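Listed below are the residues making up each chain.
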Amino acid sequence: MRKTTIVWNTRIKTFLFIILLSVTLAGCINNEKKHHVRIKTIYGDMVVELYNETPKHRDNFIKLTKRKYYDGLLFHRVINEFMIQGGDPDSRGAEKELKLGNGGPGYDIDAEIVEGLFHKKGVIAAAREGDRSNPQRASSGSQFYIVQGKRFTEEELDSLEDTQFLKETQRIFNENQWGLRDSFTFYQQNMLYEKVEQLRNRLRLQADSIAMKSRITIPEEHRKVYKKIGGTPHLDGKYSVFGEVIEGLNVIDSIASVKTGERDRPIEDVVMNIELID
């Protein structure tokens, strides 16, 4: 009996060792290195941690940083309680009257809109062209914005959900009409009342489908953050968020409060220099 017990205990220990080793190795595999950059300005430095969940944007930002692409560029668009934007290569040494915001490295980046990455204060996200000209929501190759935003109350977040729902419903409806208005007018003018009723039923079904697709809710964990530190929740799910400021949140506030002129450009240039600090 004693020998059998020893053998059995040895097997258990071996089995447990294998499990522990597997868990350890899995942890090592999933524990990706985190990359950080420092954004230097006259108002102080911001340390940004780049997300591994958005590898295309992470790698592109690292590549441009290594090439010193951002050095000497401006935060060319600043809106208090919203965001600070930069990364336009045309802004380097730009004259005051020059219109900025259209420059880039000559390529876009595929959208990486990841569930769970949201627009809390301090996140960095890629700027892009609007949905009408850019339905795939591809990102600018270099331009980015850092969120300042504001703190929200529970009631304001509820109202925002309703407003976003109505906007999204209208957008989807406009994209899916398939000429229904023209058909409706034609049937009425020609007294084809059976066709009119069929079309009404079709519209009801389409409206129900649109409502299901466009229902927007702000997760409870995101609500807590928006109430505590603030952000811009109306941008969630529309832009590629790829990092966050982990040191220097106060610098965002300082830049966001500068005086601005035409097209939200700061009166006094806010120059950036970015370096990889890993």
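This one's a predicted model, so the numbers in the text were calculated from it and none came from an experiment.

K.L.:
Summarise the overall build of the chain; cite the residues concerned and give the values.
P.N.:
Broken down by element type, the chain carries 7 helices and 10 strands. For the chain, the share of sequence-separated contacts (at least 6 apart) that also reach a separation of at least 24 residues comes to 75%. By element, 53% of the accessible surface of the chain is carried by carbon and sulfur atoms, the whole surface being about 16800 Å².

K.L.:
An account of helix H2 (residues 55-66) is needed here, citing residue identities and associated values.
P.N.:
Because each turn of an α-helix spans 3.6 residues, side chains separated by three or four positions end up pointing in the same direction. Look at H2: 16 Å from first C-alpha to last across 12 residues, which is about the 16 Å you get at 1.5 Å a residue. Looking at H2, one finds that the buried residues are His57, Arg58, Asn60, Phe61, Ile62, Leu64 and Thr65.

K.L.:
Go over the packing of aromatic side chains with me, naming the residues and quoting the values.
P.N.:
Enumeration according to the criterion identifies 9 aromatic pairs in this entry. Ring geometry for Phe61 against Phe242: centres 5.5 Å apart, planes inclined by 50°, an arrangement best described as tilted. Of the two residues, Phe61 is situated in helix H2 and Phe242 in strand S9 (residues 241-247); the sequence distance between them amounts to 181 residues. This pair shows no difference in class: Phe61 is buried, exactly as Phe242 is. Aromatic pair Phe118 and Tyr226: ring centres 5.5 Å apart, planes at 80°, arrangement edge-to-face. On the criterion of sequence distance, the pair formed by Phe118 in the loop between strand S5 (108-109) and strand S6 (123-126) and Tyr226 in helix H6 (residues 220-228) is long-range, its members being 108 residues apart. By relative accessible area, which is 11% here, Phe118 ends up buried.

K.L.:
Kindly report on the pattern of salt bridges, identifying the contributing residues and their values.
P.N.:
Per the stated rule, a full pass over the model turns up 20 salt bridges. One salt bridge in this structure joins Glu262 and Arg263, with 3.3 Å as the shortest N-O distance. Given a relative accessible area of 38%, Arg263 falls into the partly exposed group.

K.L.:
So what about unusual backbone geometry? Which residues, and what values?
P.N.:
The phi angle at Glu81 is positive, at roughly 65°, despite the residue not being glycine. Summarising the element assignment, Glu81 is placed in the loop between strand S3 (73-79) and strand S4 (83-86). A positive phi angle is found at Asp264, which is not glycine, with a value near 60°. Here Asp264 lies in the loop between helix H7 (249-256) and strand S10 (271-276). Overall, the relative accessible area of 27% leaves Asp264 in the partly exposed class.

K.L.:
Talk me through the pairing of strand S8 (residues 144-147); I want residue IDs and the actual numbers.
P.N.:
Of the two faces of S8, the one lined by Phe144 and Ile146 and the one lined by Tyr145 and Val147 are each fully buried. Judged from the 4 bridges that link them, S4 and S8 form a sheet pairing that is antiparallel. Within S8, the position partnered with Gly86 by the bridge is Phe144. Direction of pairing for S6 relative to S8: antiparallel, over a ladder of 3 bridges. In the sheet register, Ala126 faces S8, and the bridge partner there is Phe144.

Rules and cut-offs
- Residues numbered from 1 in each chain as written.
- Predicted model: local features only at pLDDT ≥ 70, side-chain atom pairs only at ≥ 80, totals over all residues.
- Heavy atoms only, no water.
- Helix = DSSP H or I, 4+ residues; strand = E, 2+ residues; numbered from the N terminus.
- Contact = heavy atoms within 4.5 Å.
- Areas by Shrake-Rupley, 256 points an atom, 1.4 Å probe, with all protein chains shown as cover.
- Expected span 1.5 Å × (residues − 1).
- Buried < 20%, exposed > 50% of the residue type's maximum accessible area, 1.4 Å probe, protein only.
- Phe/Tyr/Trp six-rings, centres within 6.5 Å; stacked < 30°, edge-to-face > 60°.
- Salt bridge = Lys/Arg side-chain N within 4 Å of Asp/Glu carboxyl O.
- Pairing = 2+ DSSP bridges.

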